[in-house]
Every structure is written in C-alpha cells, then in structure tokens.
Amino acid sequence: MKLRNLLFRLLAGALCQVLFNEFFVYYLVLLECQWPTKPHPVNGQEPVKVMLLADTHLLGPIHGHWFDKLRREWQMHRTFQSAMTLFRPEAVFVLGDIFDEGNWVNQKEFDAYVDRFRKLFHTPEGTQLYSIVGNHDIGFHYATHPYLTHRFGKAFNNTGVTMTSIRGVNFVTINSVAMEGDGCQLCETAEKELRGISAIFKCGRGVGHGCKSVPKLEEYSRPIVLQHYPMYRESDRACQEYDAPQIELYRERWEVISKESTDLIGELIQPRLSFSGHTHHYCHVAKNRLGIEEYTLASFSWRNKNNPSFVLAQISQSEHTIARCQMPVENTIINIYLVGGIVLVLSSIVRLGSFVSQLRMFSRGGRREYRKLAK
C-alpha cells in the first residue's frame, strides 16, 4: 500500500510540474505586464489597444524537426492565448516571418501552414488579427516570385501596402521585400499603392489635388508604419533600449530597408511612429532617420531567442504609450524542470528507503514470532 502511495505521489508531483511549466507559468509571467498608461482621448475617441509581435517562424516540412515544431508551437500558442485572456487587445499585428519556410513549400504545404497559424493564433471575438509579409514568407527580393506574393496576399488579405483605420488611428502596413526601389514589378506595385495612400492622407490634411476621386479619410492623423524590416539605421548604436549585443553594421536591403526607401516612406506618408521585426532582437530608437520613434520587436519564438517578448501599445490620434512584455525565459523553464525532477527523485529515494527499512523491520519481527511459536 505504501509503495502504491509512493508511486502516486511521484506521478502527482511530475504532473504538477508539467502543468506549472506548460500552462500556469505563462499567466504568472504575463501578469507582470500591464497595459501602458492610457493617452488622452482625442475628439471623444478612446485610444486603440494594440498587441504587436514578430517573427513567429512556424517550422515547415523541410527543415523542421517534429519535436522542435511541437515544442515551439505549444510555447507560442500558450503565450498568445494567455495574452488574449489577460489583455484582450482590439487589434493584433504580426510583423512578418510568420512562416520559416513559406517561400519553399508547395501550395498544399502552404495551406497546411496557414491552417496551423490560424489555430495557434486564434483571436477571440472583438480582436482583429493582421499579418504582415516577411522575407521568410515569400523570399528575399532576389528570390521572390509574384506567385508567392499572390498566395500570401490571398491567404491574409495583405498586398504590398495597405492602410487600416481604427477610430481615427491610421496604420500603414508595408511589404519590406517590395521596398527595393529597383523598378521590379513587385516594387512598382508597392510604390504605386504607397503613393495612393499618400494621396488619401494629403486630401485628409487638405493639401491634395483631385480629392474627389480619392477615398475620403474620416479623420486625419499621422500614420503608424508597420513592416518587417526596420527603417534604415547604420547599427544598433542608435538603440536606447535593446536586449542583445549591439550589431555594429547593418546591410541595406538585407537587415534594414535602404536609405532611399526610408526617405520615400517619410516623404509620402509622414509617419509618427514605426514598428518592425526581422532582427529577432528588441531595439527602441527614440529618433530614427525620419526623426520618429521606432520599435524593433524581438522574435516571438524561443527557437530564435532565449527571452522572447512582445509589445502592448495604446495609440490615440496624437499620442502613444508602449509597454514591452517579457515572456517566460527558456533557461528558467529548463532549470525548473531539472530542479523539480531532482527533488522528486531524491524525495522518492528517501521515502523508498524508509519503506524498505520498515519492511525489513517487519520481516525481522515476523521471523522472531515464528521462532517463538516453533519452540
């Protein structure tokens, strides 16, 4: 009976450890994060509550190991769903590289990819999910193809450049791969769309021409730029906050968009704030090349980073407040498993030793009684 109790306690302890590390720890860590201070309402409009994350890199069928895939997707799923429960944002923006092998898979594999993403990052009613294209979704500029761009756009309703307005707050999502400026079809289409959005903003400010033929903007406010690549910066020395060793030199059109593309975005839409991903590390620049704040988000996947994070933002038509939310640290989870496992094993050995000692004492006592009876 005691041996059975010992096994039961061992299994119960292991189960509690798994439940804590694979479920409760996400709530426990995320409870330390809160929405930033709410900006003042503008024109009676409450600020928009936004969650932003980047570089989920869902593993594909070519290089993805099944256990790595299972582990990373479970971690991201639990973090995201815990965040949905705790924070209930109005909009979620995923800043590119949703997939790790999006540019390599065939149509059937891509459809399976999209289905997995929607299940893992399901949002509750009242929360809209927006997905931005990255280089791992359609390939770098030199390797992409109109077909890859078209199928991503069809799946996620996302073209080269798109505008979304929520209570007068204007978000412009940009396909960074199309910001090459070399006259390719993809680049020309994106620039044309960017100029079309520029015309809407100019008419919204009352400085445009031919505004009768331009979609009317209900309320004008300087837009928020959302893209995969960061705006041009020479290095991470510009970062006021960062979570990795500084990268000393960025390559244009590879780690960041070019100076020319950055300046074009600034000239055409005059943004007031920018969010990006791609580098897998967090960086906050108080004034980038355009003189505005830029946040480069860390990867949302533990495969790319030991300490992933995401961002919560409250954005009004004139102000914004930002909070960076840390996710469970991979090494901490591993250490909890190791320490907890060692404690369970040692306590089981101690209890088993006590059980064996009692069994021996009982056995000796039984032999004595038997000898007495025999005499």
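Fair warning: this is a prediction, and the values are worked out from it, not measured in the lab.

Caption draft 1: Empty space enclosed by the protein, seen in detail. The tally for this structure, following the rule as stated, stands at one cavity of 30 Å³ or more. Here the largest cavity defines a volume of roughly 30 Å³. If you go around the largest cavity, the residues you meet are V133, I138, T149, F152, N158, T159, G160 and N175. Classifying every residue of the lining of the largest cavity gives three nonpolar, five polar and no charged.

Caption draft 2: Representation of the state of the cysteines in the model. Inspection of every chain in the model, using the stated rule, returns three disulfides. Here C203 engages in a disulfide with C211; their sulfurs sit 2.1 Å apart. The S-S bond linking C203 to C211 shows a torsion near -90°; that makes this disulfide left-handed. According to the relative accessible area criterion, C211 is partly exposed, its value standing at 33%. One disulfide in the model links C239 with C283; its S-S distance is 1.9 Å. Here the disulfide of C239 and C283 is left-handed, its torsion about the S-S bond being about -100°.

Caption draft 3: Focus on the sheet that holds strand β3 (residues 128-131). One open sheet holds the five strands; their spatial order is β3-β2-β1-β11-β12, and the pairing between them is mixed. Only two strands of the sheet have a single neighbouring strand rather than two, namely β3 and β12 (320-326). Averaged over all pairs of adjacent strands, the angle between strand axes in this sheet comes to 20°, irrespective of strand direction. Taken together, the seven bridges between strand β11 (residues 309-315) and β12 define a ladder with antiparallel strand orientation. Its bridge partner lying in β12, F310 is registered against C325.

Caption draft 4: Here's a closer look at helix α3 (residues 107-120). With 14 residues, α3 should cover 20 Å at 1.5 Å per step; its first-to-last C-alpha distance of 20 Å lies within 8% of that length. Within α3, burial applies to F110, Y113, V114, F117 and L120. Looking straight down α3, one finds that the buried residues subtend no more than 135° of arc, so they occupy a single side. In α3, the exposed residues that point more than 90 degrees away from the buried face are K108 and K119. Contacts made by the buried residues of α3 are with α2 (66-87), β2 (91-94), β3 and α5 (146-156).

Quick notes on the rules
- Residues numbered from 1 in each chain as written.
- Predicted model: local features only at pLDDT ≥ 70, side-chain atom pairs only at ≥ 80, totals over all residues.
- Heavy atoms only, no water.
- 1 Å grid on protein atoms, 1.4 Å probe; cavity = no way out; pocket = protein on both sides within 12 Å on 5 of 7 lines; lining within 4 Å.
- Points joined across faces, edges and corners; volume = space filled by probe spheres on them.
- Nonpolar A, V, L, I, M, F, W, Y, C, P; charged D, E, K, R; others polar.
- Disulfide = S-S within 2.5 Å.
- Buried < 20%, exposed > 50% of the residue type's maximum accessible area, 1.4 Å probe, protein only.
- Pairing = 2+ DSSP bridges.
- Helix = DSSP H or I, 4+ residues; strand = E, 2+ residues; numbered from the N terminus.
- Axes fitted to C-alpha atoms, helices over the stretch in contact; angles between N-to-C directions.
- Expected span 1.5 Å × (residues − 1).
- Arc of directions from axis to C-beta.
- Contact = heavy atoms within 4.5 Å.

By themselves, these are just geometric observations and shouldn't be taken as functional.
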